[in-house]
Amino acid sequence: MEEQFVLRVPPSVAERLERLLNEEDPTSSGDKELDLSFSEDGRNGTFVIGNDRFPASLLDLPSVVESYKTYDDSVLIKTADIGQMIVVRDEGDPAPDSIEYRHGLTPPMRDARRRRFRREPDLNPEVVQRVERDLWNIMRSGNIL
């Protein structure tokens, strides 16, 4: 399987990227340089297109997204499970608060972590230890002490 990620960029950068990818002779464009580098923490970095630098962050998606490709427009072949997204921001935009992106890629997955996944229960450690002790006793002798 391939390694893939989602790249989310501001609209102005998206236009420049599209222009660069659609050109037959990319060396004729002013946006010749295209680079993505990360700092030591592996979560923050810089996206470079032409002479402009944009801050970037690597975020975890709330759920895994599968990607497919086709060679004959009829049979789909799974190529990767995508679990991360690189978000490129404009210079003045604030950095994300956490390492997990709160929303999915599509509108139905808005606030997915809160709406679709069960919260971990609040358990009292003393109750857990007592139940565990009772289970051990049942397994050993069949009686609850």
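## Overview of the nonpolar core
Part 1 of the reasoning: Counting 9 residues, the largest nonpolar core consists of Val-13, Leu-17, Phe-47, Ile-49, Phe-54, Ala-56, Leu-58, Ile-86 and Val-88.
Part 2 of the reasoning: Counting residues per element, the ones that place at least two in this core are helix 1 (11-22), strand 3 (44-49), strand 4 (52-70) and strand 5 (76-88).
Part 3 of the reasoning: Residues in contact with Phe-54, not counting those within four places in the same chain, are Val-13, Arg-16, Gly-45, Thr-46, Phe-47, Ile-49, Val-88, Arg-89 and Asp-90.
Part 4 of the reasoning: Counting residues in hydrophobic clusters, the runner-up holds 6 residues, among them Val-6, Leu-59, Leu-61 and Val-87.

## Some words on the pairing of strand 2 (residues 34-38)
Part 1 of the reasoning: Bridging between strand 2 and strand 3 involves 5 bridges; their strand directions are antiparallel. Paired with Ser-37 across the two strands is Thr-46, which belongs to strand 3.

## Side note on the pairing of strand 4
Part 1 of the reasoning: Two elements, strand 3 and strand 4, share 6 bridges in a ladder whose sense is antiparallel. By the bridge assignment for strand 4, Phe-47 is matched with Phe-54.
Part 2 of the reasoning: The loop that links strand 3 with its antiparallel partner strand 4 comprises 2 residues; one of these, Gly-50, has a positive phi angle of about 65°.
Part 3 of the reasoning: Bridging between strand 4 and strand 5 involves 11 bridges; their strand directions are antiparallel. In the strand pairing of strand 5, Tyr-68 is matched with Lys-78.
Part 4 of the reasoning: Between strand 4 and strand 5, which pair antiparallel in sequence order, lie 5 residues; one of them, Asp-73, sits at a positive phi of approximately 65°.

Criteria and thresholds
- Residues numbered from 1 in each chain as written.
- Predicted model: local features only at pLDDT ≥ 70, side-chain atom pairs only at ≥ 80, totals over all residues.
- Heavy atoms only, no water.
- Core = buried A, V, L, I, M, F, W, Y, C linked by side-chain atoms within 4.5 Å.
- Buried < 20%, exposed > 50% of the residue type's maximum accessible area, 1.4 Å probe, protein only.
- Helix = DSSP H or I, 4+ residues; strand = E, 2+ residues; numbered from the N terminus.
- Contact = heavy atoms within 4.5 Å.
- Pairing = 2+ DSSP bridges.

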